[in-house]
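Residue-level structure breakdown
Single-letter residue listing:
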Amino acid sequence: MSGAQFKVETFTLGPLQTNAYLLTIQDDDGERGFVIDPGMNPRRLLERIQGMKIEAIVLTHAHFDHMGGVDEVRKAAGCPVYIHDLEADWLTDPRKNGSMRWQDVTPPLSTDAAEYALDEGQKLELIGHTFRVMHTPGHSPGSVSLLCGGHLFSGDVLFRQSVGRTDLPGGKERDLYDSIRNKLYVLDPETIVYPGHGGRTTIGFEKANNPYTA
């Protein structure tokens, strides 16, 4: 494994201001990276990764605002896509990923199926680091969070002083709070949280200040 610490770059994309994350390292092989949640209208992200070795696209879940740029990024980078099996068919079905429902925001979206499945406890070896997959359902049935050291990519499960909505198809409020309290809040309080929307936070700050989980 690489000894180089990865860098996190945020690209806020599309009409719902979705955070796409580009994680990169610089080593003897040059700069390489992977993408978490390439949202809609990913032009700036595509410009940044031009000529870079992109090892994967990892989706925290398959709502349209998080997978809207998958086709463009996958074709530009020639990389595989990972998603939890519970939402595998959401990529190919605009009714399930929500784009059919929100046609004032987006045309119906679909993309080819993902190459790989994600599951609880799985370890992804990417850019010389190990990322642990945590199945954190509630916002959607296949929502996952990715943990590497003191870095947590939480998708739409946990936000700064807020939590993911549960009123969309497949959402379950009880599951969401179970995911947050029993999987995320047991992490080191200093863990940096990179959410699917809005600014970064920490596990400790949310435990102390998030009004939804008080």
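The present account deals with the structure reproduced in this document.

Conventions adopted
- Residues numbered from 1 in each chain as written.
- Predicted model: local features only at pLDDT ≥ 70, side-chain atom pairs only at ≥ 80, totals over all residues.
- Heavy atoms only, no water.
- Helix = DSSP H or I, 4+ residues; strand = E, 2+ residues; numbered from the N terminus.
- Buried < 20%, exposed > 50% of the residue type's maximum accessible area, 1.4 Å probe, protein only.
- Polar contact = N/O pair within 3.5 Å; in protein donor to acceptor, adjacent residues only side chain to side chain.
- Arc of directions from axis to C-beta.
- Contact = heavy atoms within 4.5 Å.

With that settled, consider unusual backbone geometry. With glycine set apart, most residues show a phi of negative sign, and most peptide bonds adopt trans. Of note, the phi angle at Asn41 is positive, near 55°, even though the residue is not glycine. Positionally, Asn41 belongs in the loop between strand 3 (30-36) and helix 1 (43-49). Since its relative accessible area comes to 56%, Asn41 is described here as exposed. In this model, Gln161 sits at a positive phi of 55°, which is unusual for a non-glycine residue. Inspection of the secondary structure assignment puts Gln161 in the loop between strand 11 (158-159) and strand 12 (162-163). Residue classification places Gln161 among the partly exposed positions, given a relative accessible area of 37%.

The subject of this paragraph is the side chain of Thr191. Locating Thr191 in the fold gives a position in the loop between helix 5 (173-184) and strand 13 (192-195). A distance of 2.8 Å separates a polar side-chain atom of Thr191 from the backbone oxygen of Asp188.

Looking now at helix 3 (residues 70-77). Every buried residue of helix 3 is accounted for by Val70, Val73 and Arg74. Here the buried residues of helix 3 occupy an arc of 100° about the axis, which is enough to place them on one side. Helix 3 presents Lys75 and Ala76 as exposed residues on the side facing more than 90 degrees away from its buried surface. Of the surrounding elements, those touching the buried residues of helix 3 are strand 3, helix 1, strand 4 (53-58), helix 2 (64-67) and strand 5 (81-84). Positive phi appears at Gly78, one or two residues downstream of helix 3, with a value of about 65°.

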